[in-house]
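# A structural walkthrough
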Amino acid sequence: MIQIKRSYEPPAREDGVRILVERLWPRGMKKEALHVDAWLKDVAPSTELRRWFGHRTERWDEFRRRYRKELSANAETWARLLDGSSKGMVTLLYSAHDTEHNGARVLRDYLAERSRRSRPTTNRANTGASKRIGSTTA
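These numbers come from a predicted model, not from an experiment.

Criteria and cut-off values
- Residues numbered from 1 in each chain as written.
- Predicted model: local features only at pLDDT ≥ 70, side-chain atom pairs only at ≥ 80, totals over all residues.
- Heavy atoms only, no water.
- Helix = DSSP H or I, 4+ residues; strand = E, 2+ residues; numbered from the N terminus.
- Buried < 20%, exposed > 50% of the residue type's maximum accessible area, 1.4 Å probe, protein only.
- Contact = heavy atoms within 4.5 Å.
- Areas by Shrake-Rupley, 256 points an atom, 1.4 Å probe, with all protein chains shown as cover.
- pLDDT = per-residue confidence, 0-100.
- Polar contact = N/O pair within 3.5 Å; in protein donor to acceptor, adjacent residues only side chain to side chain.
- Salt bridge = Lys/Arg side-chain N within 4 Å of Asp/Glu carboxyl O.
- Core = buried A, V, L, I, M, F, W, Y, C linked by side-chain atoms within 4.5 Å.
- Axes fitted to C-alpha atoms, helices over the stretch in contact; angles between N-to-C directions.
- Parallel < 35°, antiparallel > 145°, perpendicular 65-115°, else oblique.
- Left-handed = near helix turned anticlockwise from the far one by under 90°.
- Nonpolar A, V, L, I, M, F, W, Y, C, P; charged D, E, K, R; others polar.

### With respect to the overall build of the protein chain
Each helix and strand counted, the protein chain has six helices and four strands in total. Order of helices (α) and strands (β) in the protein chain, N terminus to C terminus: β-β-α-β-α-α-α-β-α-α. Counting only residues that meet the buried cut, the protein chain has 41% of its 138 residues in that class. When contacts within the protein chain are restricted to residue pairs at least 6 apart in sequence, those whose partners lie at least 24 apart make up 66%. Surface exposure of the protein chain reaches about 7,900 Å², of which carbon and sulfur atoms provide 47%.

Pasting the structure below:
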């Protein structure tokens, strides 16, 4: 299962594996305070797309379309998230103020659609969820 949460909200036991899905580290957050299991910069919207969007809600539909296109072209960036979510809770952390119009929401919905279609078939060792998803690169 996949849920999203602002990185500024306190961690909870129910979060499961906590993955930061932003290109930039959240402002003012110390690594110890975030309690992140992994930081997957490459799954976030490209720098160009993020700058173009600028959290302007009138660009939301086009942002979603473009980001989904980026995700479709880079399955290797999100396949581990989908795999990890089949084994337990995965919380995608984002730093945007707008809880309705952000990349994590698009990513969560995209992954939910992929999960319903079919799961990627990979032969991974049965290791801890954070190892399957990635390691912290902060």
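Alright, that's what it looks like, and here's the rest.
### Focus on the confidence of the model for the protein chain
Per-residue pLDDT for the protein chain has a mean of 88; in total, 85% of the residues score no lower than 70. Here residues 122-132 scores under 50 on pLDDT; set against residues more than four positions off or in separate chains, the count is 13 contacts.

### As for the environment of Arg18
Tracing the backbone through its elements, the reader meets Arg18 in strand E2 (residues 17-20). By relative accessible area, Arg18 is classed as buried at 3%. Separated by 75 residues in sequence, Arg18 and Leu93 place their C-alpha atoms 6.8 Å apart. Not counting the four nearest positions on each side in its chain, Arg18 is found in contact with Lys5, Glu9, Pro11, Ala12, Leu34, His35, Val36, Asp37, Ala38, Thr91 and Leu93. One polar contact links the side chain of Arg18 to the main-chain carbonyl oxygen of Leu34, over a distance of 2.7 Å.

### Observations regarding the pattern of salt bridges
Taken as a whole, this structure holds eleven salt bridges when the rule is applied. A salt bridge links Glu58 to Arg56; the shortest N-O distance between them is 2.9 Å. Taking relative accessible area as the criterion, Glu58 reaches 58% and is therefore assigned exposed. Among the ionic pairs, Asp109 bridges to Arg108, the shortest N-O distance being 3.0 Å. By relative accessible area, Asp109 is classed as partly exposed at 31%. Within this structure, Lys5, Asp15 and Arg18 form a network of salt bridges that share partners.

### As for the nonpolar core
For soluble globular proteins, nonpolar side chains are generally found buried alongside one another. Judged by nonpolar contacts, the single largest core of 26 residues is most densely connected at Ile19, Val43, Trp78, Leu81, Leu92 and Leu107. Going through the elements one at a time, strand E1 (2-6), E2, helix H2 (47-53), helix H3 (60-73), helix H4 (75-85), strand E4 (90-94) and helix H5 (103-117) are the ones with two or more residues in this core. Broken down by element, this core gets its largest block of residues, five residues, from H5. Among all residues touching Val43, those that are not within four sequence positions of it are Val21, Tyr67, Leu71, Thr77, Trp78, Leu81 and Leu107. The next biggest cluster of nonpolar side chains, apart from the first, holds six residues, and it includes Met29, Leu34, Val36 and Trp39.

### Topic: the packing of H3 against H5
Contact geometry of H3 with H5 gives a least axis separation of 10 Å together with a crossing angle of 55°. In this view, H3 runs oblique relative to H5, as classed from their interaxial angle. Considering only the axes of H3 and H5, their crossing is right-handed. Along its contact with H3, which presents Trp60, Phe63, Arg64, Tyr67, Arg68, Leu71 and Ser72, the element H5 presents Gly103, Val106, Leu107, Tyr110, Glu113 and Arg114. Tallied by class, the residues present in the contact of H3 with H5 amount to seven nonpolar, two polar and four charged.

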